[in-house]
Amino acid sequence: PPLALGCVTTWNSKCGIATYSAKLLTPALRDTLILANDNAERVAPDHDRVMRCWHAGQDDDLTRLEQAIVAAGLTQVLIQFNFSFFSLDAFKRLLGALHARGLQTLLILHSTADVYWGAELKTLRALLPEVQDCARLLVHGIADLNRLKDWGLVANATLWPHGVEPAGAVASVRDDPRCAALAGRRVIASYGFLLPHKGIVELIAAFAILHARLPDTHLLLVTAEYPAPTSQETHASCVAVIRAQGLDEHVTLITDYLPDAVSLAWLQQAELIVFPYRHTQESSSAAVRWGLASGHPVVCAPLAIFDDVAPAVHFLPDGEVATLAAELEHLLRQPEAFAEMRPRRQRWLDEHDWARISDRLRRVCVALRLAAA
């Protein structure tokens, strides 16, 4: 039977899940109807397969979303789930209503651990038993899979990998005046939204130690501001540390929201790409995949969020600033340490190409429709 698939997601906005959705659907499921939030700060005009029919946050009862799904005649709905997107009560009601109409739902759970939202404890257990009726619960990590199994969610739970952008043509940044500061330098980079848990303030502090030992180094931070006050506060903290350490000429801080090809072009100027995250409950990192797509060695904090890229990255011993500085110095002085990892990294990249992941999702959706026919 033909697919009549919709995807509930943020879209075309400064949001990692919006980017994830576009990468996942475009290769093999480009006809999917996008059911997006109407309070997004769009980065481009929407295409004609986008409907804005829900409000991200805790106040929408999701009635408009349900009505849009029914009116579109969908038979399957893929939902990108994040605790910040929906009120759990409203989402629970939505799932029940869709299942009562015979629709198949697939949930991509970007985090499964309980989290406090202010004083409120948010837990996926609040969605029982509705999530038991979902056709698939797709998670990114073994810890997530085990957590679902502990809650009795076994038959429909599946480990689902993030994809990665294949190596290819990128934009050029050679004409950007900021690129001149990198010339002749040994560049260490980091990438992703500028948020406290990304460890960028700590990376700058570690770089100050490293630069005193290796004066030919330069720190490149391709870290876009996220539309939230905490991101602006982190930006101010970064600038304060850079100035306090006298690093203005040795750190390039790019906080623009860049096109993917431009971001990748910046990362390709680096010798090492570092993700020194602090504690986070997210299950997988999209940012680290851009580091891997650059083709250069990637260094990560020893956190579960990076478990799914373990074969392709180098892990730091711990998250201390002094350790980070020492490990980066060691790797820069002995780059051959990455040589044996190169074939493993390329194998991992080939296996996680977005085109493969997208086609796999298409085949899952077709199989579910055939089983229900």
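For every chain, the first residue of the written sequence is number 1, and numbering continues from 1 along that sequence. With pLDDT at 70 or above as the cut-off, local features in this predicted model cover only qualifying residues; side-chain atom pairs require 80 or more to be listed or tallied, and sums for whole chains, interfaces and linings still use all residues. Neither water nor hydrogens contribute to the side-chain values; these are computed over all heavy atoms in the structure.

Considerations on the layout of surface pockets
Right, on to step 1. Here the second largest pocket is characterised by a volume of approximately 470 Å³.
Right, on to step 2. A cavity here means a set of points on a 1 Å grid, drawn over the protein atoms and nothing else, where a 1.4 Å probe fits but cannot get out; a pocket is an open set with protein on both sides within 12 Å along at least five of seven lines, and a residue lines either one if it has an atom within 4 Å of a point. Lining the second largest pocket are 24 residues; nearest its centre among them are G141, A143, D144, S283 and A304.
Right, on to step 3. A run of DSSP states H or I qualifies as a helix once it reaches four residues; a run of E qualifies as a strand once it reaches two. Both are numbered from the N-terminal end. Of the residues forming the lining of the second largest pocket, the biggest block, 4 residues, is contributed by helix α4 (residues 142-150).
Right, on to step 4. Any residue outside Ala, Val, Leu, Ile, Met, Phe, Trp, Tyr, Cys, Pro, Asp, Glu, Lys and Arg is labelled polar, Gly included; the first ten of those are nonpolar and the last four are charged. Looking at the lining of the second largest pocket residue by residue, the classes come out as 10 nonpolar, 8 polar and 6 charged. Grid points are joined across faces, edges and corners, and a volume is the space filled by probe spheres set on the points.

What about the sheet that holds strand β5 (residues 104-109)?
Working definition: the strands of a sheet are paired by backbone hydrogen bonds and lie parallel or antiparallel to each other.
Right, on to step 1. Taking strand neighbours across the sheet as the criterion, the 7 strands line up as β3-β2-β1-β4-β5-β8-β9 in an open arrangement whose pairing is parallel. Unpaired on one side and paired on the other, β3 (50-54) and β9 (157-159) mark the two borders of the sheet. Averaged over all neighbouring strand pairs, the angle between strand axes comes to 25°, with direction disregarded.
Right, on to step 2. Pairing between strands requires that DSSP locate at least two bridges from one strand to the other. Relative to strand β2 (residues 33-37), strand β1 (residues 5-9) is paired through 4 bridges, and the arrangement is parallel. As a rule, the C-alpha atoms of each element are fitted with a line to give its axis, helices using only the stretch in contact, and angles between N-to-C directions run from 0 to 180 degrees.

Focus: helix α9 (residues 321-333)
Right, on to step 1. A helix is expected to span 1.5 Å multiplied by its residue count minus one. For α9, spanning 13 residues, the distance from its first C-alpha to its last is 19 Å, which sits close to the expected 18 Å at 1.5 Å a residue.
Right, on to step 2. Within the sequence span of α9, burial applies to L324, A325, E327, L328, E329, L331 and L332.
Right, on to step 3. Check the buried side of α9 and you find it contacts β10 (186-191), α5 (200-213), β11 (217-222), β13 (272-275), β14 (298-300) and β15 (314-315). Each residue's exposure class comes from its accessible area (1.4 Å probe, protein chains only) as a fraction of the maximum for that residue type: buried when under 20%, exposed when over 50%, partly exposed otherwise. Only heavy atoms matter for contacts: two residues are in contact if any of them lie within 4.5 Å across the pair.

Brief notes about empty space enclosed by the protein
One way to see where empty space is left: roll a probe the size of a water molecule over the atoms.
Right, on to step 1. On inspection of all chains with the given rule, the structure shows 2 cavities of 30 Å³ or more.
Right, on to step 2. In this structure, the largest cavity encloses a volume near 50 Å³.
Right, on to step 3. Surrounding the largest cavity, G199, E202, P276, Y277, R278, A301, L316, D318, G319, E320 and L324 form its lining.
Right, on to step 4. Taken as a whole, the second largest cavity spans an internal volume of roughly 30 Å³.
Right, on to step 5. Around the second largest cavity, the lining residues are L109, L124, V131, L137, L148 and L153.
Right, on to step 6. Per-class residue counts for the lining of the second largest cavity are 6 nonpolar, no polar and no charged.

So, the side chain of S231
Right, on to step 1. Within the element layout of this structure, S231 appears in helix α6 (residues 229-244).
Right, on to step 2. The buried category is assigned to S231, whose relative accessible area is 0%.
Right, on to step 3. For S231, the contacting residues outside a window of four places in its chain are L194, L195, A224, E225 and Y226.

Some points on the packing of aromatic side chains
Right, on to step 1. Stacked, edge-to-face and tilted labels apply to pairs of Phe, Tyr and Trp rings (six-membered ring for Trp) whose centres lie within 6.5 Å, assigned for plane angles under 30 degrees, over 60, and everything in between, in that order. Summed over all chains, the structure comprises 13 aromatic pairs.
Right, on to step 2. Centre to centre, the rings of F193 and Y226 are 5.0 Å apart; their planes meet at 80°, and the pair counts as edge-to-face. Separated by 33 residues along the polypeptide, F193 in the loop between β10 and α5 and Y226 in the loop between β11 and α6 bring together distant segments of the chain.
Right, on to step 3. Aromatic side chains F275 and F306 sit 6.5 Å apart centroid to centroid with 50° between the ring planes, which places their arrangement in the tilted category. Linking F275 in strand β13 with F306 in the loop between β14 and β15, this pair joins segments that are 31 residues apart in sequence.
Right, on to step 4. Taken together, the ring pairs in this structure connect W54, F81, F83, F85, F86 and F91 into an aromatic cluster.

Points about the side chain of S111
Right, on to step 1. Structurally, S111 is set in the loop between β5 and β6 (115-117).
Right, on to step 2. Overall, S111 belongs to the buried group, its relative accessible area being 9%.
Right, on to step 3. Ignoring any residue separated from it by four or fewer positions in sequence, one finds S111 in contact with F83, L124, D144, Q281, E282 and S283.

Describing the packing of α5 against α6
Right, on to step 1. Their axes nearest at 9 Å, the elements α5 and α6 cross at an angle of 10°. In terms of axis orientation, α5 runs roughly parallel to α6. Here I200, V201, I204 and A205 of α5 lie close against α6, whose contacting residues are T234, S237, C238, V241 and I242.
Right, on to step 2. For the contact of α5 with α6, the class distribution of residues is 7 nonpolar, 2 polar and no charged. Geometric relationships in this document are graded by angle, where less than 35 degrees denotes roughly parallel, more than 145 denotes roughly antiparallel, 65 to 115 denotes roughly perpendicular, and other angles denote oblique.

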